[in-house]
Amino acid sequence: MRFVLAIVSFVIGLLLVGLAVGQRTVFAPPSSLVAQSTSKASAPVTVIPGSTLNANPGYQRINVSGSGDVFAAYGKTSDVQAWIGDAKHTTLRFDAEQDRLVGKTTGSASSVPDPSGSDLWYQEWPGAGQFTVRLPSDVSLVVLGNGKDAAPTDVSVTWPRDTATPSVGPLLVAGGLFLVGGVALLVWAFLHQRRGRGPRRRSGGTRPPRVRASRRAAAAGAQVPSRGRRGRRPLIAVPIVLVGALGLAGCSSDYWPQGGSADVTATPTASATAGAEQDEPTAASKQQIQKIVQRVAEVAQKADEAKDASLLESRFTGAALDFRKANYAIRAKDDKAAAPPAISAQQVCVALPQQTDTWPRTVFAIVAEDCTAKTAPQALTMVQASARDEYKVAYDVSLEAAAQVPSLAPTSLGAAQLAGNTKLLRIAPDDIAAAYGDVLSKDSESSSASLFESAGDGLRSTIGKAYKDKKSESLPDTAKIEYSSQVPDDSAIAIATDGAGALVSADLDEIEKVTPTAAGAEVNTEGAVKALSGVDSSTKGISATYSVQLLFSVPPVGSDDKVVLLGFTQGLTAASEVQ
């Protein structure tokens, strides 16, 4: 009976261990779920919303293939929808019953512009292939061809499946215990059988001791295997099986029951992760702003070297564009003229997007080669007119070396853009350039002088009243100079700061008109004015316009603090003969 129990225990143990091993081999669940698109729509855009990408837990492996041009990118869902607009597009959703992607086509327009390089994308992939992401639900993925033909329809999404087998560990342990019990019963049975035989006595006379065959063979020099070793061999396999089973049971937490629901935490080899979902919508993420600045810097460098104003127009607008275009025209005729300050993309020291999900949008950034160095950085105010437009630099200001930028909101939160006529500031953004122009003309005699901080204002010493008076006095009696200023309409951009104040970027045109005062007298030109006007001398006079890009720190209404000039960029933008 003991032998029977040992055999039964041993068989049960082997069955349990075999069942556990089978769950990790032949009965193992698939490691992933693949959903293939069955859509055959002819829309130029295919959209995989964040809700579809997160229909199953874990990372998402996207596979896109097709002939011709293939392009894929992902961005914030609201941005993706705005970029698509009324274009015909197919939206894929996950059908859980059939484990596939089902498409629905909407929209009317038959084409979209080239999506490559759009500032809205967090990341993009030109060409067919496979890429792995882990996107939140507020991020969507777009797949296109060339924007006119139908988008590739051979699209699939793969999710990892939970391959945990929590019963393996207990089965292995239970099987191991039955194996140990079987061995113990077997040993007990052998011992009991041996004791049951009892001692045996020989009868008869004395006989010479029997020499067994094995001893005779040993005496003859033959090698005879030991009986004891032959009897123990079957028992050696049992501990080996037991140790292997227990070792397998302890090597992974997937083999044991876990508290709560299991979560797929597999990490892809190459992943692209979007930023976390935000409570407040912002114009751009820090990652996007860094890319935008890099693209702006590349365009500026190429345009500055080639003096190509048409190339410049893809990334510059307003006062920043006028300043560089005039510089190109001057340098085309005067080799000694200095190039505009280069825009550095080495480091983005400050990235402050507008808090909005509509257009137009604004982003403020401070860039430098080294944010910790004492070199003067640049402040860029960039605007995006619509979802399909690129961000363009409206203001490019060189900050004063000692400029103290007020506390700003984090990039993830963004800041509100204030209206040009807001009453929340000590002076409205639309009025600040004209008021400061009056200070440059009259200094302390200006009615606006008390609004602005004079200490550390480097522009006053450059083109202020003292400079104007000195230049006027240097002219001969046969000529006179008149100063005036103009402010372009709706050009100021104000972004709120933490202290209820604002950073205000503004544009001011300073105009110098030199005219002769005596009959037959002429006004001679030189330098940049001569190069830009194309006039050597004139009996009518010369008018020169200097554009000044300004950045102010403006305190809130009711504050006793003054408006501080943080930086400026000034240069000749127009020159002509007086008509």
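Residues numbered from 1 in each chain as written. Predicted model: local features only at pLDDT ≥ 70, side-chain atom pairs only at ≥ 80, totals over all residues. Heavy atoms only, no water.

K.L.:
How do you make sense of the side chain of Thr 411 when you look at a structure like this?
P.N.:
By the element assignment, Thr 411 lies in the loop between β15 (392–399) and β16 (417–418). With a relative accessible area of 16%, Thr 411 lands in the buried category. Excluding residues within four positions of it along the chain, Thr 411 makes contact with Thr 282, Ser 285, Lys 286, Ile 289, Ala 351 and Pro 353. (Helix = DSSP H or I, 4+ residues; strand = E, 2+ residues; numbered from the N terminus. Buried < 20%, exposed > 50% of the residue type's maximum accessible area, 1.4 Å probe, protein only. Contact = heavy atoms within 4.5 Å.)

K.L.:
For this particular structure, what's the right way to read the nonpolar core?
P.N.:
Across soluble globular proteins, you tend to see nonpolar side chains buried next to one another. Within the largest apolar cluster, 27 residues are counted, with the highest numbers of intra-cluster contacts made by Ile 432, Tyr 436, Phe 452, Leu 459, Leu 550, Phe 552 and Val 554. Of all the elements in the fold, those that place two or more residues in this core are α10 (429–442), α11 (458–463), β18 (493–496), β19 (502–516), β22 (542–554) and β23 (564–577). Ranked by residue count, the leading element in this core is α10, at 6 residues. Of all hydrophobic cores here, the second largest spans 24 residues; its members include Ala 297, Ile 343, Leu 380 and Tyr 391. (Core = buried A, V, L, I, M, F, W, Y, C linked by side-chain atoms within 4.5 Å.)

K.L.:
Explain the sheet that holds strand β4 (residues 71–76) to me, please; I cannot follow it from the model alone.
P.N.:
The strands making up a sheet associate through backbone hydrogen bonding, with each pair oriented either parallel or antiparallel. Across the sheet, 6 strands lie side by side as β6-β5-β2-β9-β4-β7; this open sheet has mixed pairing. The sheet terminates laterally at β6 (100–106) and β7 (121–126), the two strands that pair on one side only. Each strand of the sheet is rotated relative to its neighbour by a mean of 25°, with strand direction disregarded. (Pairing = 2+ DSSP bridges. Axes fitted to C-alpha atoms, helices over the stretch in contact; angles between N-to-C directions.)

K.L.:
When you look at unusual backbone geometry in this model, what are you seeing that I'm missing?
P.N.:
The phi torsion of most residues other than glycine is negative, and most of the peptide bonds are trans. A cis geometry characterises the amide bond from Trp 359 onward to Pro 360, with omega recorded as 0°. Secondary-structure assignment places Pro 360 in the loop between β12 (347–353) and β13 (361–368). The phi angle at Asp 99 is positive, at roughly 50°, despite the residue not being glycine. Position of Asp 99 relative to the elements: it lies in the loop between β5 (89–95) and β6. On the basis of relative accessibility, which here comes to 28%, the residue Asp 99 falls in the partly exposed class. Of note, Ala 500 is a non-glycine position whose phi angle comes to about 70°, a positive value. Tracing the chain through its elements places Ala 500 in the loop between β18 and β19. The partly exposed category is assigned to Ala 500, whose relative accessible area is 48%.

K.L.:
Any chance you could explain the state of the cysteines here in plain terms?
P.N.:
Two cysteines joined by a covalent bond between their sulfur atoms form a disulfide. The full count for this structure, using the stated rule, is 1 disulfide. Across the disulfide, Cys 349 is cross-linked to Cys 371 (sulfur-sulfur distance 2.0 Å). One quick way to see it: the torsion about the S-S bond of Cys 349 and Cys 371 is about -95°, and its sign makes the bridge left-handed. Linking Cys 349 in strand β12 with Cys 371 in the loop between β13 and β14 (378–384), this pair joins segments that are 22 residues apart in sequence. On the basis of relative accessible area, Cys 349 is assigned to the partly exposed category, the value being 30%. (Disulfide = S-S within 2.5 Å.)

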